[in-house]
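Here is how the chains run, residue by residue.
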Amino acid sequence: MEFSQYDDDNNYSLTKFESMLKTNNVLFFDSGEFENIIQFYFENGKIALAKKAVKLGLEQHPSSITLRLFQVEIYILEDKLPQAEKLLDALHVLEPSNEEIYIQKASVLSKRDEHQKAIDTLKIALKLIDSEEDEADLHALIGMEYLFMDQFDNAKSHFIKCLELDMEDYSALYNIIYCFEFLDLHDEAIDFLNRYLDKNPYCEVAWHQLGRQYFTLKDYKKALTAFDFAIISDDTFVGAYLEKGKVLEKMKKYNEAIENYNMTLALDEPTSFALLRIGNCYEKLHSDDLAVQYYFKTVHEDPLLDKGWIAITKFYNRKKNYHKALYYINKAINIDDDNVRYWKLYAQINHRLNFIEEAERGYKKTLDLGNYELDTWLARADVLIKLGEYEAAALNLIQAAEFYPETAEIEYRLAGIYFTLLENEKAQYHLKNGWLLNSEFSFILEELFPMIAKHQMVLNIISNSKKTSK
């Protein structure tokens, strides 16, 4: 029962209840009124008020099974599972054929990660219900439990039953497609959606999902057709315009893509995603002023969207305007100091500007935040070498070798460092190892250690290695 749909007379019990809370006067409500009040609060996320209504309801109607089941829901929400279970056991004795008791028992089991037991319990409830709506709800709950167990085939079959009972259960439809996608069964998803559309040809959600499947398979023409049908079915469907824009971008039809993204801005509040994509399209069209204008609109709309700041930074990077790129990546870092992508760009830009100490700081922060890509380790080693921090560079490369063992780029750098530190035995080992792994990377010595590369000992090792390899 939804009070929001009622006239003033039917809202009377809710108004009376809230007035009672304000005045502390205890008024009488029948159990049905309490049930409706509690349900209204649950549906509107007002849990504290629902809890008060349950408490007062049970004080006036202590034997009401429905009100006690609401108390169980409160216990479950508060993670008071032993209390919930104890009350459910008592209620089961009173009403062993009440399906709601089994549903709440399943909820407790699910909270304890006993998902198979939850499914078995829900299947008992399934035998007790007598309406298609309740049957669909139970299949949805069973499907979700299977999802928790990563049993996507089983989950899918129950969501399909939901859809069979209610063709417009779009939540079930989304879950079915999610299962297909997780199982990487895109062709099967397409077959399913086409069968569904044969029965429900004006379902914009199904057309939208069909387009997404074709997009994943890079069949852009069919994807475009599907999104067009989604728009024909509902010409205010923002998601279809967004997806159509993405397809048109892939087809390099940037002006048409911009038109579709602009439709989303006209239909709804501006989204940072649409603004970013418009900026990208304008950049592809070499309309740099418009591109950067939309990138700025993106970060104005959502300052926390890293893709927006990265787009601005990379835009100025491509223009070789490194000082401006650095300015904007610094602004981004001030907003989110823990964004690893920001720090990597910060390091790379400083490196290009030959701000070596700042570049080293950026690469170190990038590694500290968990970016263990090989080029990050190597770039940090190179700036440490340039700073004359040879021992720190060696330690950095040794750590890198734990993630990338037997990597020639690491070995040549270590060889150069150890020759510089006059640790010739280690240097010779790493040089020989580097040569065995990939002789073509020997230029690293010439670039980073030009004096070492000309040393007679190094030349002899390389000469001997060449002979051995023949």
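Conventions we followed
Every chain is numbered independently, its residues counted from 1 as its sequence is written. Side-chain atom pairs in this predicted model are given and counted only at pLDDT of 80 or more, local residue features only at pLDDT of at least 70, and totals for whole chains, interfaces and linings cover all residues. Note that the side-chain values use all heavy atoms of the structure and ignore hydrogens as well as water. Fitted lines through C-alpha atoms serve as axes, helices being fitted only where they are in contact, and the angles separating the N-to-C directions of these axes extend from 0 to 180 degrees. Counting from the N terminus, the helices are DSSP H or I runs at least four residues long and the strands are E runs at least two residues long. Small angles under 35 degrees read as roughly parallel and large ones over 145 as roughly antiparallel, with 65 to 115 read as roughly perpendicular and the rest as oblique. We call two residues in contact when some of their heavy atoms are within 4.5 Å. Amino acid classes used here: Ala, Val, Leu, Ile, Met, Phe, Trp, Tyr, Cys and Pro are nonpolar; Asp, Glu, Lys and Arg are charged; the rest, including Gly, are polar. Exposed residues in this analysis have more than 50% of their type's maximum accessible area, buried residues have under 20%, and partly exposed residues fall in between, with area computed by a 1.4 Å probe over protein chains only. Residues are called lining when one of their atoms sits within 4 Å of a cavity or pocket point, these points coming from a 1 Å grid over the protein atoms alone, where a cavity is a set in which a 1.4 Å probe fits but cannot get out and a pocket is an open set with protein on both sides within 12 Å along at least five of seven lines. Grid points are joined across faces, edges and corners, and a volume is the space filled by probe spheres set on the points. Helix span, expected: 1.5 Å multiplied by one less than the number of residues in the helix. In this context, the arc is that of the directions from the helix axis out to the C-beta atoms. The predictor's confidence in any single residue is recorded as pLDDT, a number from 0 to 100. Whenever Lys or Arg places a side-chain nitrogen within 4 Å of a carboxyl oxygen from Asp or Glu, that contact is recorded as a salt bridge. Here, nonpolar core means buried Ala, Val, Leu, Ile, Met, Phe, Trp, Tyr and Cys residues that are tied together by side-chain atoms lying within 4.5 Å of each other.

> Just give me the short version of the packing of helix α22 (residues 374-386) against helix α23 (residues 390-403), but keep the residues and values in it.
Running from N to C, α22 and α23 cross one another at 170 degrees; their axes reach a closest spacing of 8 Å. As summarised for this structure, α22 and α23 are arranged roughly antiparallel, according to the angle between their axes. Side by side, α22 and α23 meet where W377, L378, R380, A381, L384 and I385 of the first sit next to Y390, A392, A393, N396, L397, Q399, A400 and F403 of the second. Considering only residue class, the contact of α22 with α23 consists of 11 nonpolar, two polar and one charged.

> So what's going on with the environment of F273? Residues and values would help.
With respect to the secondary-structure elements, F273 resides in helix α16 (residues 272-284). Judged by its relative accessible area of 34%, F273 falls in the partly exposed class. Separated by 184 residues in sequence, F273 and D89 have C-alpha atoms that sit 50 Å apart. Beyond its immediate stretch of four places on either side in the chain, F273 contacts L242, K246 and Y261.

> How would you summarise the layout of surface pockets if you had to cite specific residues and measurements?
Put simply, the largest pocket is a space of about 640 Å³. Contributing to the lining of the largest pocket are 22 residues, with Q39, E73, E100, I103 and Q104 lying nearest its centre. Mapped onto the lining of the largest pocket, the elements with two or more residues apiece are α2 (31-43), α4 (65-77), α6 (99-111) and α8 (132-148). The residue inventory of the lining of the largest pocket, partitioned by class, reads 12 nonpolar, six polar and four charged.

> Tell me about helix α13 (residues 220-233), and please be specific about residues and values.
Spanning 14 residues, α13 covers 20 Å between terminal C-alpha atoms, matching the ideal 20 Å at 1.5 Å per step. When we look at burial in α13, the residues that qualify are Y220, A223, L224, A226, F227, A230 and I231. Around the axis of α13, the buried residues are gathered within 165 degrees of arc, so they sit on the same side. Among the exposed residues of α13, those oriented more than 90 degrees off its buried face are K221 and I232. Buried positions along α13 lie against α12 (204-216), α14 (238-250) and α15 (254-267).

> Now, about the confidence of the model for the protein chain: what can you tell me, with residues and values included?
In low-pLDDT segments, the atomic positions of the prediction should not be examined closely. With 97% of its residues at a pLDDT of 70 or more, the protein chain shows a mean pLDDT of 90. Confidence drops under a pLDDT of 50 for residues 1-10, and excluding neighbours within four residues, the segment shows 13 contacts in the predicted structure.

> Run through the pattern of salt bridges, naming residues and quoting values.
A full pass over the atoms with the stated rule returns 23 salt bridges. One salt bridge in this structure joins E85 and R112, with 2.7 Å as the shortest N-O distance. Taken together, the residues span a long stretch of sequence, with E85 in helix α5 (residues 81-94) and R112 in the loop between α6 and α7 (115-128) at a distance of 27 residues. Judged by its relative accessible area of 29%, E85 falls in the partly exposed class. R112 sits in the partly exposed class, given a relative accessible area of 30%.

> Which residues make up the nonpolar core, and what are the values?
The biggest cluster of nonpolar side chains holds 83 residues, and the ones touching the most others in it are L173, L210 and I329. Aside from chain neighbours lying at most four places away, what touches I329 is T313, Y342, L345, Y346 and I349. Counting residues in hydrophobic clusters, the runner-up holds 30 residues, among them L367, L397, F449 and I462.

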